[in-house]
Amino acid sequence: MSDYIIFEALAFAAERHKNQTRKGEGNIPYINHPIAVTRLLSKFGETNQDLLVAALFHDLIEDTAKGKKEIKELSDLIRDKFSENVLNIVLEVSDDKSLPVEERKHLQIIHTPKLSSLAKKLKIADKICNLIDIKDNPPKDWTVERKLNYLNWAKQVVNGARGLNKELDQYFDQVYEEVYRFLKST
Ligand code: ZN
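Before going into details, it helps to say that this report is about the structure given with it. Not measured: the values here are computed from a predicted model. (Residues numbered from 1 in each chain as written. Predicted model: local features only at pLDDT ≥ 70, side-chain atom pairs only at ≥ 80, totals over all residues. Heavy atoms only, no water.)

### Considerations on the overall build of the chain
Moving on, step 1. A count of helices and strands for the chain gives 10 helices and 0 strands.
Moving on, step 2. Seen in sequence order, the chain has helices and strands lined up from the N terminus as α-α-α-α-α-α-α-α-α-α.
Moving on, step 3. What you see for the chain is a C-alpha radius of gyration of 16 Å, in line with the 16 Å of a compact globule of 186 residues.
Moving on, step 4. Here the chain holds 186 residues, and 45% of them are scored as buried.
Moving on, step 5. Sequence-distant contacts in the chain: of pairs separated by 6 or more residues, those separated by 24 or more amount to 70%.
Moving on, step 6. Accessible area of the chain: about 10100 Å², with a carbon and sulfur share of 51%.
Moving on, step 7. When the 29 basic and 29 acidic side-chain charges of the chain are each reduced to a single mean position, those positions are 3 Å apart. (Helix = DSSP H or I, 4+ residues; strand = E, 2+ residues; numbered from the N terminus. Rg over C-alpha atoms; globule rule 2.2 N^0.38 Å. Buried < 20%, exposed > 50% of the residue type's maximum accessible area, 1.4 Å probe, protein only. Contact = heavy atoms within 4.5 Å. Areas by Shrake-Rupley, 256 points an atom, 1.4 Å probe, with all protein chains shown as cover. Lys, Arg positive; Asp, Glu negative; His and termini not counted. Charge placed at Lys NZ, Arg CZ, Asp CG, Glu CD.)

### Digging into the coordination of the zinc ion
Moving on, step 1. The coordination sphere of the zinc ion, as far as protein atoms go, consists of H33 (NE2), H58 (NE2), D59 (OD) and D126 (OD), spread over 2.1 to 2.7 Å.
Moving on, step 2. Angles of 79 to 173° at the metal separate the 4 donor atoms of the zinc ion, which places the site in the irregular class.
Moving on, step 3. Counting residues between consecutive donors of the zinc ion along the chain gives the motif H-x24-H-D-x66-D. With D59 in the loop between α3 (49–56) and α4 (60–64) and D126 in helix α8 (residues 117–136), the pair connects residues that are 67 residues apart, well separated along the chain. Each member of the pair D59 and D126 is classed as buried. (Donors = N, O, S within 2.8 Å, 3.2 Å for Na, K, Ca; no water. Tetrahedral: all angles 85-135°; square planar, octahedral: opposite > 155°, others 65-115°.)

### Some thoughts on the nonpolar core
Moving on, step 1. Formed by 53 residues in total, the largest nonpolar core has its most connected members in L41, F57, I78, V86, L122, I128 and L131.
Moving on, step 2. Setting aside its immediate chain neighbours within four residues, I128 contacts L40, L168, Y171, F172 and V175. (Core = buried A, V, L, I, M, F, W, Y, C linked by side-chain atoms within 4.5 Å.)

Below you can see the structure in the form of structure tokens.
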């Protein structure tokens, strides 16, 4: 297996996200987040190349394509340059942004148990990274209550994705506890 495709994917994702920053302080480039998610999956023993590429791409559809036409164009690009399998994993973890936020959040809880194994692991790694950000570099305008709500929601989503990588499951629980205690002490 060649690592080249991983770097090809990294360059592709970095280019697509180049004008975006994370919601926290410091204008952190958005690409740092997909890199962190991919690193976490790799750290916990995940070697499936389609999964790692999909992790680098997991926010591309939601955040770098607007409307059906752009989503179709980006989907075709991912399928042609990478693979149908990578595209399917990315689509599985992408919300329908035409729906209101609360409905999207509710649908994540309902849909996650039905996802493929690879998509489930990606979901957990994504939520872990978001919880770490909520502790270390949260969105600027979020109240403690909003952060606690996010934590609670993330746990409900992750509960539908457990049982495939024990270390990943345990690390979610560990991070959840740490962030929960941190928020309760502030
Ligand atoms: Zn993400």
